[in-house]
Amino acid sequence: MRKIDWVPPRVYFRPEFKNCLHCESKLRRTHTAWEKKIVTRDGIIHAWSMAYACKNPDCAHAGVAYKSAEAEMLSMKHSSYGYDVLALVGKLRFKQHRTVAEVAEALNEQGIPTSERHAQNLYERYQILLSASLDDHVNKVLAETTEQNGGVILSMDGVQPEKGNETLYVLREVFSGTVLTAQNMKSGTAEELKTLIEPILMLGYPIVGIVSDGQNPYGWHLKHFCQMCLTSTVSTTI
C-alpha cells in the first residue's frame, strides 16, 4: 500500500476589517498576499493570508491591499517558525544559557523539528526582533505606507514561552507587515506597554485602524493609548 505523506492543515486568514477604512465600501478578495508552512509550538500549519481591497472607483485609496493582522502575528517575514518558537528560543538561550546544540535538542524534544543550524538562525532572528527600533528605514516605510494607504494600521500581540515567564510583546504595522518594536516584559502592565506605544504615536503618522479581537488585553491597551494620545479620530474595527 502506497504511503500517504502527512499534509499540514491549511488555515486561511482574511483582514479583520470588512469595509474600506476610507469610504466604508465592502472589501473584496483580490489575491493571496502570501502563503507558507509555519512551525509553531502547537504544530505545523499551512497559513494563507488573503488580501482584500476596496473596489469603489470614487475612493481615493481604491486598490489598497488589506491583510490579516492575525496572520502577520504568526511569524517574522521570511521565517517558517512562529513567534512562540522564537520566544522559547530566547528563554532557552538567554535565561537558561543553553548552547545552540542544547536549544536544538530541547526544541526537538517538544515536537518542534529543527537542527543546530536552524536553531542558530532562530537565535539570530530573536536578536534581530529585539533590536527592532524606529530607525530611518522604519520611518521611511511608515511614510511610504501612509502615502499609499492614507495612514497606518497598528497591532500588538504578546507571546509567552511558558506560563510564569516573561512575555514577548511585538508591535507592528499591518499594511507593510513591519515590526516597529519588540520587548520582553515581566508583567505587561499598562505603564510598561505605554513605553512601547508612545514613541510610535509621537511620530505623528495617521492611524486609520487598530486591530483588537475584543478579548486581547494588548489590543485594548493599544486602542486605549491611541485614543488618549491622538487628537484625530481613529477608526477601529473589533
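On a predicted model such as this, the values are computed, not experimentally measured, just so you know.

1. Description of the overall build of the chain
Reasoning step 1: The number of helices and strands found in the chain is seven helices and eight strands.
Reasoning step 2: Within the chain, the fraction of its 238 residues that count as buried is 49%.
Reasoning step 3: Put simply, the chain shows about 12600 Å² of open surface, and 49% of that area lies on carbon and sulfur atoms.

2. Some remarks on the packing of aromatic side chains
Reasoning step 1: Applying the stated criterion across every chain, the model contains four aromatic pairs.
Reasoning step 2: For the pair Phe94 and Tyr123, a centre-to-centre distance of 5.7 Å together with 40° between the ring planes defines the contact as tilted. Taken together, the positions of Phe94 in helix α2 (residues 83–95) and Tyr123 in helix α4 (residues 116–130) put the pair 29 residues apart, joining distant regions of the chain.
Reasoning step 3: Here Phe94 falls in the partly exposed class, since its relative accessible area comes to 38%.
Reasoning step 4: Between Phe94 and Tyr126, the ring centres sit 5.6 Å apart and the planes meet at 40°, which makes this aromatic pair tilted. With a gap of 32 residues between them, Phe94 in helix α2 and Tyr126 in helix α4 connect regions that are remote in the sequence.
Reasoning step 5: An aromatic cluster is built from Phe94, Tyr123 and Tyr126, whose rings are joined through pairwise contacts.

3. A short note on empty space enclosed by the protein
Reasoning step 1: Counted by the stated rule, this structure contains one cavity of 30 Å³ or more.
Reasoning step 2: Considering the residues around the largest cavity, the lining is formed by Leu142, Val152, Leu154, Ile200, Leu201, Tyr205 and Ile207.
Reasoning step 3: Residues of the lining of the largest cavity, tallied by class, amount to seven nonpolar, no polar and no charged.

4. What about the side chain of Thr146?
Reasoning step 1: Along the chain, Thr146 falls in helix α5 (residues 136–149).
Reasoning step 2: With a relative accessible area of 17%, Thr146 lands in the buried category.
Reasoning step 3: The residues touching Thr146, leaving out its near neighbours within four places in the chain, are Gly151, Val152, Tyr205 and Pro206.

5. Points about the sheet that holds strand β7 (residues 178–185)
Reasoning step 1: As summarised here, the arrangement of the four strands in space is β7-β6-β5-β8, forming an open sheet in which the pairing is mixed. Single-partner strands in this sheet number two, and they are β7 and β8 (207–211). For this sheet, the mean inter-axis angle between neighbouring strands, taken without regard to orientation, is 20°.
Reasoning step 2: One ladder, built from six bridges, connects strand β5 (residues 152–159) with strand β6 (residues 167–173); its direction is antiparallel. Residue Leu154 lies in a different strand from β6, and its bridge partner there is Glu173.
Reasoning step 3: Contacting β5, β6 and β7, α5 crosses the sheet at an angle of about 130° to β7.
Reasoning step 4: Packing of helix α6 (residues 190–202) onto the sheet brings it into contact with β5, β6, β7 and β8, and relative to β7 it is tilted by some 160°.

6. Notes on the side chain of His46
Reasoning step 1: On the secondary structure map, His46 appears in strand β3 (residues 43–54).
Reasoning step 2: Look past the residues within four positions of His46 in its chain and what remains in contact with it is Pro8, Pro9, Arg10, Val11, Glu35, Lys36 and Lys37.

7. Brief notes about the environment of Glu124
Reasoning step 1: Along the polypeptide, Glu124 turns up in helix α4.
Reasoning step 2: Residues Glu124 and Val89, 35 residues apart in the sequence, show an inter-C-alpha distance of 10.0 Å.

8. Concerning the confidence of the model for the chain
Reasoning step 1: Looking at the chain as a whole, its pLDDT mean stands at 84, while 87% of the residues score no less than 70.
Reasoning step 2: In this model, residues 229–238 is a region of pLDDT below 50 whose contacts with residues beyond four sequence positions or in other chains number 23 contacts.

9. Structural notes on the environment of Arg14
Reasoning step 1: Of note, Arg14 is situated in the loop between β1 (10–13) and β2 (27–40).
Reasoning step 2: Residues in contact with Arg14, not counting those within four places in the same chain, are Met50, Tyr52 and Ser68.

10. Points about the pairing of β8
Reasoning step 1: Along β8, five of the five residues are buried, which leaves the element largely enclosed by surrounding structure.
Reasoning step 2: Here four bridges tie β5 to β8, and the two strands are oriented parallel to one another. Its bridge partner lying in β8, Val152 is registered against Ile207.

What counts and what doesn't
In this numbering scheme, every chain counts its residues from 1 along its sequence in written order. Reporting in this predicted model follows two pLDDT cut-offs: at least 70 for local features of residues, and 80 or more for side-chain atom pairs to be given and counted; totals over whole chains, interfaces and linings ignore these cut-offs and use all residues. Heavy atoms from the whole structure form the basis of all side-chain values; hydrogens and water molecules are not counted. Starting at the N terminus, helices and strands are each numbered in turn, a helix being any DSSP run of H or I of at least four residues and a strand any DSSP run of E of at least two. Accessibility here uses a 1.4 Å probe with only protein chains present; expressed as a share of the type maximum, an area under 20% marks a residue as buried, one over 50% as exposed, and anything in between as partly exposed. Here the open area of atoms and residues is found with the Shrake-Rupley method and a 1.4 Å probe, where only the protein chains shown may cover a residue. Paired rings are identified among Phe, Tyr and Trp, the last through its six-membered ring, by centres lying within 6.5 Å, and are further divided according to the angle between planes into stacked (under 30 degrees), edge-to-face (over 60) and tilted (the rest). In this analysis the probe radius is 1.4 Å and the grid spacing 1 Å, with only protein atoms considered; a cavity is a set of points the probe fits into but cannot get out of, a pocket is an open set with protein on both sides within 12 Å along at least five of seven lines, and lining residues have an atom within 4 Å of a point. Grid points are joined across faces, edges and corners, and a volume is the space filled by probe spheres set on the points. Polar here means any residue outside two lists: the nonpolar Ala, Val, Leu, Ile, Met, Phe, Trp, Tyr, Cys and Pro, and the charged Asp, Glu, Lys and Arg; Gly therefore counts as polar. Should any heavy atoms of two residues lie within 4.5 Å, those residues are considered in contact. Think of it this way: DSSP has to see at least two bridges between two strands before they count as a pair. Lines fitted to C-alpha atoms define the axes here, with helix axes fitted over just the stretch in contact, and angles between the N-to-C directions of these axes take values from 0 to 180 degrees. Across the chain, each position has a pLDDT score giving the predictor's confidence in that residue, from 0 to 100.

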